[in-house]
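Residue-level listing of the chains:
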Amino acid sequence: MRKKIVAGNWKMNTTRPDGIELAKAVAARAAEVPAGVGLIIAPPFTHLCGCGKALEGSKVELSAQNCADHAKGAYTGEISVDMLKAVGCQWTILGHSERRQYYGETDEKLVEKVKLALEAGLGVILCVGENLAERKAGKHLAICASQTEAVLKNFTAEDMKKIVIAYEPVWAIGTGETATPAQAEEIHAHIRKVLAGLFNQAVADDTTILYGGSCKPSNAKELFAQPDIDGGLIGGAALKADDFIQIALSF
Ligand code: PEP
């Protein structure tokens, strides 16, 4: 049985004190969420240490939003996987569309980052998703397949035990426009087919695939009811503990 997960991507929001309060508020309500549903929060780098402490004793796991594509050295401004491990991260998000779009994240860089993250013992939430033009052109299945393959063809079935995929249509991120459950399910099922081809049916069946893009308490239930949607990567709604927990209670 694959794991259900609700992960919060805080992006570049909250100051450190506000972030620690938010982490505490999520931790305080985490016990309400059924044991089979994992909770993850991904605060900004500067908050990781304090948020990690705030999560102690709760089931909520800590994620970064990105990591460097080198292990260490002269890479000014970057944060390595070992640094993330040392402040208590269990996960990192990689390949978010905002990183791809604004910071030149290429599939080649992503392969290096995923390798480093796995070597360090971090789990990876790998994001894929088409933009509006690609969807309008009917290329959404092909784009999501090629983004998935470009990175994951470099990894093994064993590695996949530490990798979660997040399908995030770029046109639905932060726009208030959500993919319909049917639109999301179509892509999730397709990604699962891609995984079966790259690895085997067991990997396809066991990989957690999250939906992200304006997911909120009012639409989570319908999305999570789809057979191939195993939870959500939540942006805006993860900034309110009550909304985030409500989403996690939507299975
Ligand atoms: C995200 O950026 O990962 C995301 C899903 O954002 P939002 O929920 O705000 O659309």
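About the cut-offs
Residues numbered from 1 in each chain as written. Predicted model: local features only at pLDDT ≥ 70, side-chain atom pairs only at ≥ 80, totals over all residues. Heavy atoms only, no water. Near = heavy atom within 4 Å. Polar contact = N/O pair within 3.5 Å; in protein donor to acceptor, adjacent residues only side chain to side chain. Areas by Shrake-Rupley, 256 points an atom, 1.4 Å probe, with all protein chains shown as cover. Nonpolar A, V, L, I, M, F, W, Y, C, P; charged D, E, K, R; others polar. Phe/Tyr/Trp six-rings, centres within 6.5 Å; stacked < 30°, edge-to-face > 60°. Buried < 20%, exposed > 50% of the residue type's maximum accessible area, 1.4 Å probe, protein only. Core = buried A, V, L, I, M, F, W, Y, C linked by side-chain atoms within 4.5 Å. Helix = DSSP H or I, 4+ residues; strand = E, 2+ residues; numbered from the N terminus. Contact = heavy atoms within 4.5 Å. Salt bridge = Lys/Arg side-chain N within 4 Å of Asp/Glu carboxyl O.

K.L.:
Would you mind showing me how to read the site of the ligand here?
P.N.:
Not every one of the 14 residues close to the ligand is listed here, only the nearest: Lys11, His96, Glu168, Gly174 and Ser214. Residue histidine 96 places a side-chain N or O atom 2.7 Å away from an oxygen atom belonging to the ligand. The contact in question runs from an oxygen atom of the ligand to an N or O atom on the side chain of glutamate 168, over 2.7 Å. In the complex, the protein chains occlude 95% of the 290 Å² of accessible area that the ligand would expose alone. By residue class, the composition of the shell around the ligand is 4 nonpolar, 8 polar and 2 charged.

K.L.:
So what exactly am I meant to see when it comes to the packing of aromatic side chains here?
P.N.:
What describes a pair of aromatic rings is the distance from one ring centre to the other and the angle between the planes of the rings. One pass over the structure, following the stated rule, counts 3 aromatic pairs. Arranged with centres 6.4 Å apart and planes meeting at 85°, the rings of tyrosine 102 and tyrosine 103 form a pair that is edge-to-face. Tyrosine 103 carries the same exposure label as tyrosine 102, and that label is exposed.

K.L.:
Help me understand the nonpolar core, please; the structure alone is not making it clear to me.
P.N.:
For soluble globular proteins, the rule of thumb is that nonpolar side chains tend to be buried together. One finds Val6, Leu39, Ile41, Leu152, Leu195 and Tyr211 to be the most contacted residues of the largest nonpolar core, which totals 68 residues. Element by element, the count of residues in this core is highest for helix α5 (residues 107–119), at 6 residues. Once you skip the residues sitting within four places of it in the chain, leucine 195 turns out to touch Thr148, Leu152, Met160, Ile165, Asn200, Ala204, Thr207 and Ile209. In terms of nonpolar packing, the next biggest core, distinct from the first, is built from 12 residues, Ala7, Ala42, Trp91 and Ile93 among them.

K.L.:
What is the right way to look at the pattern of salt bridges in this model?
P.N.:
Once their charged atoms are close, side chains differing in charge can pair, the charge on each being opposite to the other. Applying the stated criterion across every chain, the model contains 13 salt bridges. As a salt-bridge pair, lysine 11 and glutamate 98 come within 2.8 Å of each other at their nearest N and O atoms. Pair noted here: lysine 11 is in the loop between β1 (4–9) and α1 (16–29) and glutamate 98 is in helix α4 (residues 97–102), with a separation of 87 residues, a long-range link. Across the salt bridge formed by arginine 29 and glutamate 32, the nearest N and O atoms sit 2.8 Å from each other. Owing to a relative accessible area of 21%, arginine 29 belongs among the partly exposed residues under this scheme.

Such coordinate-based values are descriptive only and should not be taken to indicate function.
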